[in-house]
Amino acid sequence: MLAAVVAISAIGVGCLVGMMGTYLNLDRARDAFFARCQMTDFWVSLKQAPEAEVTRLGKLSGVSRLRERIVFPAMVSSAGEPKRGIDPDRPVGALVISMPDVRRAVLDDITLRQGSYFTDRRDNEAIISERFAAAHGLVPGSVIGLILGGQNRTVHVVGTAISAETTYLTPPGAVAPDPEIYGAVWIKRTYAEDVFDLHGACNSVVGSVTPGFKADPRPVMDTVADRLASYGVLSRTPIGEQLSAMTLDTEIGGLRTMGGVLPSIFLLVAALVLNVLMVRMSDQQRTVIGTLKAIGVPGRHIFAHFIAYGLVVGLLGGVLGCALGYVLAGGMTGMYRSFFNFPNLINHAHPALFTIGLLVSTGSAVLGTLYGVRRVRLLTAGEAMRPKPPESAGRIVLERWGAFWKRLGFGWQLVLRNVFRNRVRSAIGLVAAGSGSAIVFAALGMRSSLHHMVDFQFNNVVKSNYELVLHDPVEDSAIDEARRISGISDAEGRLELEGEASFGPARKQAVISGLAPGSVLTVPHDAGEQRLRIPSFGVLMPKRMSEQLGLRVGDRFVFRPSRGEQREHSVFVAGIADSAFGTQTMYTSLDFLSELVGQHNAVTSIQLRGTPDRQQRRAFFRRVRESSEVATFSDIGRQKEQLNEELIQKLGSVTYVMIGFAAVIFLGTILNGALMSLKDRRRELATFRVLGYQPREIGSMLFREIILVNMIGAALGLPLGVALLNGLSDQIANDLFRMMVHVPRINWVMSLMLAFVFTVLAYRVVYALIKRMNVLDALGVKE
Amino acid sequence: MSSGVLMATFDIGRESKGISNDKSVAVRLAEVQKSYVCGEVETRVLQGVDLDIERGLVTVVLGPSGSGKTTLLNMIGGIDRPTRGQIFYGNRDISAMSDAQLTDFRRHEVGFVFQFYNLVPTLTSLENVRVATELVKDPMDPLEALRWVQMDDRAGYFPAQLSGGQQQRVSIARALGKKPTLLLCDEPTGALDAETGKAVLKTLIDLNKQLDTTVVIITHNESVARLGHRIARLGSGVIRSSGVNRKRVGVDEINW
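As the structure is a computational prediction, the values presented were derived from the model and not from experiment. Throughout, residues of each chain are indexed from 1 in the direction in which the sequence is written. For naming, the first written chain is A and the first written ligand is 1, with later ones following in the order written. Given that the model is predicted, a residue must reach a pLDDT of at least 70 before its local features are reported, and side-chain atom pairs must reach 80 or more before they are shown or counted; all residues, however, enter totals for whole chains, interfaces and linings.

## Observations concerning the overall build of chain A
Then, in step 1: We count a stretch as a helix when DSSP gives it H or I for four or more residues in a row; a strand needs E for two or more, and each element gets its number in order from the N terminus. Looking only at helices and strands, chain A has 22 helices and 20 strands in total.
Then, in step 2: On the principal axes, the C-alpha backbone points of chain A span a range of 105 × 55 × 55 Å.
Then, in step 3: The buried share of chain A, reckoned over its 783 residues, is 48%.
Then, in step 4: The contact criterion used is a C-beta to C-beta distance within 7 Å, with each C-beta placed from the backbone. If you take every contact in chain A between residues at least 6 apart in sequence, the share linking residues at least 24 apart comes to 85%. Partly exposed residues are those whose C-beta has more than 12 but fewer than 20 other C-beta atoms within 10 Å; with 20 or more the residue is buried, with 12 or fewer it is exposed, and the C-beta atoms are placed from the backbone.

What follows is the structure, given as structure tokens:
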């Protein structure tokens, strides 16, 4: 019984220390890394602006520092020897970023991991992201080919590095990093000016703000961007929407919330169970306490003894929990290390957290004890020395319905009497079973939602195999050309327009994607998985964006494109599309968008469906790698694979951990409740044995009690599980992806079945104890 | 009454060993020994008991505290096993039975009456009887069993609402509800005052008389022993004497 309380308490503290420890590890590593790299507060991307103009803006109010640079996506024409199993012809992309020729601390700096910074031996030197280097077997001294400024160029790798802004660098259109096909390449500023023909100019401005604007750098960013408007501002990104910063914020925020919610559930159950245990213990010790009082032991000494007991239980649970939590934090921090490449993302021991864990655990144990023993303390020695008077017996509420009560049968009447008579114990059973099943339900729901999310996206919405984003818009006749490429069976063009959507005070960076009439390679769907018709007027808005902007079907919002004529358009919401990824992309017809921007017969990206022929596919890949028009290439199949590997498998293991924790709640509380019941009713059950009841018949009575309480509790916990799952989904949603809550019927059944299995497992222990029960001891009829 | 006086009034004969062919014998104990081990200490409670309990009679096992009488009763009732020796119920060796068989034996043959009643506190009198009657195929009607012990008017009462004597009568009703062939009573009046105790004993004697149930009463009270058809005296784990009680008296004639 004590072991079960210690276990529940330990798991509660373990969750707290594990999750909060991971949170602190991640938070600390992020802050240190961001500070070291001088992560900026906003990013403004431009077509082309003079360097001198940007320098002048550095004096604007609210601006702390500004840096101008050159940033372009590029295809990698050759990149060393890929790891085994990777198609050597698979197109590889990179984000090319300029850095000062000579090492100096700058905003959005890099941290070298291998090799050196640029030397003055060559202009065409490059530093590449660490994971990209590892994925391609590249080391300082390697040579890679890049399509820069429309030409295939060779650059010499002098070092590998990591940077804050590329912490979560995803290939275009993907939601998870994939260093095998995408990486960051830093090149010398002068070299970048040469290859992109941007002498004395830049296309990216990054800035940090003065402390007063740290919480919301948007006003400063907007002032800077507005002053550069005449140079063609393409996008404005405050730190809250920057991919790496946003992903980290979501993860860290989620951890902080879960680090509060899950342990609270465990500690609540542990405190309740402990409370009942201490009440029971004090009842059992009643006569001993009475005798001690009678012989003159002061009440406070007796009281102190019990408190010490609660303290030991709490400390034991706390210490075990801290150890468990430390190990858990180690595992989770390791998992995050594979997502985020931080230099100091290691598992620290957090003394403050251990202290909180111990305080919470001992606090709840001592409080339970205090409540339990206060009754004994109030008794006089004489009263305490007498055994506790028998329970007051009476009829339970169900007996008022005579016909119903009689129909129940004697066995169930016994069961219900005991359930109703031990209200506190039964209520704790309900709370524990409810909490357990809520956790199981949320864990299973998370798993099925993640699977559904991937299936929805890749089976319903995105039906192409590849997507090419072009450096510049091309005529739609290019689609016919693409269809004729060997290895391609179908092609569709899209016109994409980046800009800002606003509705009242709410605003959001967004993309309107114009799809060809009858598009079959991009098929928006609604939440009910029904295909949506591409509107010829207005847009289909993703659900998350509609919620963020507060828009409904029929509303109008303002869209200001970031390229072309930057005048505001009033756009009609024709429908709401559900989307797991790309939650910033709205869909409309190509014609409507062309009309809106005044750019006819042009496309900015091409969706392709490939043929299964391997040779043809390799030929197509080679062609893409060498193309000067392709800015980015997405392999949809690879994205799906990557998602399954990275996201679902890793989060899937979290599911098992959660189910394991729920099992402990179930087993712990059922065992506690049943063991208490066995102790309380020892004499009664022994009498049953003497009367001729077989152990299985007695077991069946207890089993009915346990199963009744736990299955009702489990069923009541399911709505709580729905709330928990929705909370989780909200917590991990960001502009990159949103977990579409999807709960198939089987999850409801599975949650109840798992509750049943845990209950049966706990009952097996109880049954073994019934079989081992010593009737003579229990009845006190030993000579 | 001294043991010498008792010896003089009893027919003492040596009990035969092994399976009883004598249909008048309900239970036969043959060289039954029992010892308990607690740590390194072995306590020998019974040291070779031979005893026949005759069918349809009231047998009283008399002995002081610690003489082994409760242990003896536990073994006759199949809730404990001898360390050595055999116990036969008719021609069935209950000392060789498995746990399940012993449970089955208790279920169909034995009724127990305890010193402290052992009623289920959360059940009414009627339900306490039902706990037992549910176990057998052809039980006595629970209310009828309560009527037998004159507790039918308290059928809906919970144990906490009854006096000690009333609780003991309910516990007798529970025992007889199964229509047992053997009723084992462990100090049934031990926790009761004389008047209440006599009422309980009267119930047991009536039960034996009217239902022909074999009754074994263990007691340390020599007055109670005078009610038995047979008396076995137990001391230090052995039967000191055993025989017919020629001076059997009625319940009204005893006092303590």
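So that's the structure; there's more coming.
## Points about the pairing of strand β3 (residues 71–79) of chain A
Within a regular beta strand, the side chains point alternately toward one face of the sheet and then the other, so they alternate between its two faces.
Residues and elements named next belong to chain A.
Then, in step 1: For two strands to count as paired, DSSP must find a minimum of two bridges between them. Sheet topology places β3 next to strand β4 (residues 92–99); 6 bridges connect them, and they run antiparallel. What sits directly across from P73, in β4, is L95.
Then, in step 2: Judged from the 3 bridges that link them, β3 and strand β7 (residues 143–148) form a sheet pairing that is antiparallel. If you follow S78 over to β7, its bridge partner there is G145.

## Re the interface of chain B and chain A
Then, in step 1: Facing the 27 residues of chain B at the interface are 23 residues of chain A.
Then, in step 2: When contributions to the side of chain B that touches chain A are tallied by element, the ones reaching two or more residues are α2 (69–76), α3 (99–109) and α4 (125–133) of chain B.
Then, in step 3: Per-element accounting of the side of chain B that touches chain A gives the leading share, 4 residues, to α3 of chain B.
Then, in step 4: For the side of chain B that touches chain A, the residue count by class is 13 nonpolar, 8 polar and 6 charged. When residue character is reported, Ala, Val, Leu, Ile, Met, Phe, Trp, Tyr, Cys and Pro are called nonpolar, Asp, Glu, Lys and Arg charged, and the others, Gly included, polar.

## Considering the sheet that holds strand β1 (residues 42–50) of chain A
Residue and element names in this part refer to chain A.
Then, in step 1: Read across the open sheet, the 4 strands follow the order β2-β10-β1-β11; overall the sheet is antiparallel. The open sheet has two free edges, formed respectively by β2 (63–69) and β11 (233–238), since each of these has just one partner strand. Strand-to-strand, the axes of this sheet are offset by a mean angle of 25°, without reference to chain direction.
Then, in step 2: As paired strands, β1 and β11 are joined by 5 bridges and run antiparallel to one another. Its bridge partner lying in β11, W43 is registered against T237. Angular values range over 0 to 180 degrees, each being the angle between N-to-C directions of two axes fitted as lines to C-alpha atoms, with helices fitted over their stretch in contact.

## Focus: the confidence of the model for chain B
Interpretation of this model should avoid reading the predicted coordinates in detail wherever pLDDT is low.
Residues and elements named next belong to chain B.
Then, in step 1: The pLDDT averaged across chain B works out to 88; a share of 91% of its residues lies at or above 70.
Then, in step 2: The lowest-confidence element of chain B is strand β1 (residues 10–12), averaging 40 in pLDDT; the highest-confidence one is strand β4 (residues 58–62), averaging 96.
Then, in step 3: In the predicted assembly, ipTM is 0.88 and pTM is 0.77. On a scale of 0 to 100, pLDDT captures the predictor's confidence in every residue.

## Here's the deal with the domain arrangement of chain A
Residues and elements named next belong to chain A.
Then, in step 1: Each domain's limits were defined by an automated method or a database of domain assignments. Domain annotation for chain A reports domain 1 (42–246), domain 2 (422–460 + 637–783) and domain 3 (461–636).
Then, in step 2: Averaged C-alpha coordinates put domain 2 and domain 3 at centres separated by 45 Å.
Then, in step 3: Contacts between the two partners involve 14 residues from domain 2, matched on the other side by 15 residues from domain 3.
Then, in step 4: Those elements that place two or more of their residues in the side of domain 2 that touches domain 3 are α13 (423–461) and α18 (636–680).
Then, in step 5: Residues belonging to the side of domain 2 that touches domain 3 are distributed by class as follows: 6 nonpolar, 4 polar and 4 charged.

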